[in-house]
Amino acid sequence: MKFNGMLAMALGLCFVGTGCATKKYVAKTIAPVESRVGATEAKDTDQDKTIASQGTQIGDLDRELSQTKERVTSADQKATQAGEAARAADQKAGNAQTAADSAHQAADGARTFAETGLNKLDQNMQAMNKFSMTTSESVLFGLNQDTLTDEGKAQLDTIAKQATSLDRYVIEVQGFTDKTGDATYNDSLSERRARNVARYLAAKYQIPVRSISVLGLGYAQPVADDSTRDGRKQNRRVEVRLWVPGTETAKSTPAGAGE
């Protein structure tokens, strides 16, 4: 607007000074200039609006940028927290795996221990059901006699003392005769001899009757020639054997002793 006023003033001065210019000339000369000036002012106004609009857009962009920065910062914080939570979870998982491995090892150890114990128990059971003879004595009797002699009692004392030191055992008592006399009578005589031996063990050493096996066999198993006096003497006998389970054998046998 200032520019238009100055232009009009200059043209007026020119018109006054020259005096020879006509109004028509002036109008033709000034009209295009004013048109260009108006167009320029319109452009300036549009540019001012554009600049103002761009300023508004820049302000909006600044606000959006600020909000974006806030969101990015918030996202970074959440990512950091998530990372820390992930590390904590990973550590817990590692601890849980370690505990699981320890539990697995403990279970394996317990299973091995149990299997070893069961195997040992099975071996002990088998050994307990498998008896071995540790001592054998042959107690001799007089002709047609079933009474124990002092020598015979001493032999039984040896077996009884061994038996009473054990937890489990069986004493096998088998009576025999020579061939002289009736077979039926000899069977009865051999039975009496065996029972007198069992009675002596039970009465003097409190050997349980359930641990004594008694049988009279007469002349069934001679150990010597019965045609001789000495042979008949050897056949008038009671054989006493001490049997113990395999575990008792191992417990009662000294280290390094032969079988």
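Residues numbered from 1 in each chain as written. Predicted model: local features only at pLDDT ≥ 70, side-chain atom pairs only at ≥ 80, totals over all residues. Heavy atoms only, no water.

A. Inspection of the overall build of the protein at higher detail. A count of helices and strands for the protein gives 6 helices and 4 strands. Within the span of the protein, comprising 259 residues, buried residues form 20% of the whole. Sequence separation of at least 24 residues holds for 75% of the intrachain contacts in the protein that already meet a minimum separation of 6. Of the roughly 17900 Å² that the protein leaves accessible, carbon and sulfur atoms contribute 56%. (Helix = DSSP H or I, 4+ residues; strand = E, 2+ residues; numbered from the N terminus. Buried < 20%, exposed > 50% of the residue type's maximum accessible area, 1.4 Å probe, protein only. Contact = heavy atoms within 4.5 Å. Areas by Shrake-Rupley, 256 points an atom, 1.4 Å probe, with all protein chains shown as cover.)

B. The arrangement of the pairing of strand β3 (residues 212-216) in detail. Where strand β2 (residues 170-175) lies against β3, 5 bridges are found, and the strand directions are parallel. Across the sheet, G175 pairs through a bridge with G216, a residue of β3. You can see the chain leave β2, run along helix α4 (residues 183-205) and come back into β3, and the turn it takes is right-handed. (Pairing = 2+ DSSP bridges. Right-handed = clockwise from strand over helix to strand, strands pointing away.)

C. Representation of the nonpolar core in the model. Ranked by size, the top nonpolar core spans 23 residues in total, and within it I171, V197 and V240 carry the most contacts. Breaking this core down by element, the ones donating at least two residues are α3 (150-163), β2, α4 and β4 (237-245). Residue contributions to this core peak at 6 residues, all from α4. (Core = buried A, V, L, I, M, F, W, Y, C linked by side-chain atoms within 4.5 Å.)

D. Molecular detail of the sheet that holds β2. Strand order in the open sheet formed by 4 strands is β1-β4-β2-β3, with mixed pairing between adjacent strands. The open sheet has two edge strands with one neighbour each: β1 (131-140) and β3. This sheet shows a mean twist of 15° between the axes of neighbouring strands, independent of strand direction. Here β2 pairs with β4 via 6 bridges, running antiparallel. Considered in β4, the bridge of Q174 is made with E239. The sheet strands contacting α3 are β1, β2 and β4, and the helix crosses β1 at an angle near 165°. The sheet strands contacting α4 are β2, β3 and β4, and the helix crosses β3 at an angle near 160°. (Axes fitted to C-alpha atoms, helices over the stretch in contact; angles between N-to-C directions.)

E. Quick peek at the pattern of salt bridges. Scanning the model with the defined rule gives 7 salt bridges in all. Among the ionic pairs, R192 bridges to D146, the shortest N-O distance being 3.0 Å. Within this pair, whereas R192 is found in helix α4, its partner D146 is found in the loop between β1 and α3, the two being separated by 46 residues in sequence. Taking relative accessible area as the criterion, R192 reaches 29% and is therefore assigned partly exposed. Note that R237 is salt-bridged to E239, the shortest N-O span being 2.9 Å. Overlapping salt bridges bring together E172, R237, E239 and R241 as one network. (Salt bridge = Lys/Arg side-chain N within 4 Å of Asp/Glu carboxyl O.)

F. Summary view of unusual backbone geometry. Even without being a glycine, N144 presents a positive backbone phi close to 60°. One can find N144 in the loop between β1 and α3. With a relative accessible area of 44%, N144 lands in the partly exposed category. Even without being glycine, Q206 reaches a positive phi, approximately 50°. Tracing the backbone shows Q206 in the loop between α4 and β3.

G. Region of the structure containing the side chain of T135. By the secondary structure assignment, T135 is in strand β1. Judged by its relative accessible area of 12%, T135 is buried. A distance of 2.4 Å separates polar atoms of two side chains, one belonging to T135 and the other to Q162. Leave out the neighbours within four places in its chain, and T135 touches I159, Q162, V240, R241 and L242. (Polar contact = N/O pair within 3.5 Å; in protein donor to acceptor, adjacent residues only side chain to side chain.)

H. Representation of the environment of S138. Note that S138 resides in strand β1. Since its relative accessible area comes to 33%, S138 is described here as partly exposed. With 102 residues separating them along the chain, S138 and V240 place their C-alpha atoms 6.3 Å apart. With sequence-adjacent residues up to four places away left out, S138 is seen in contact with Q155, R237, V238 and E239.

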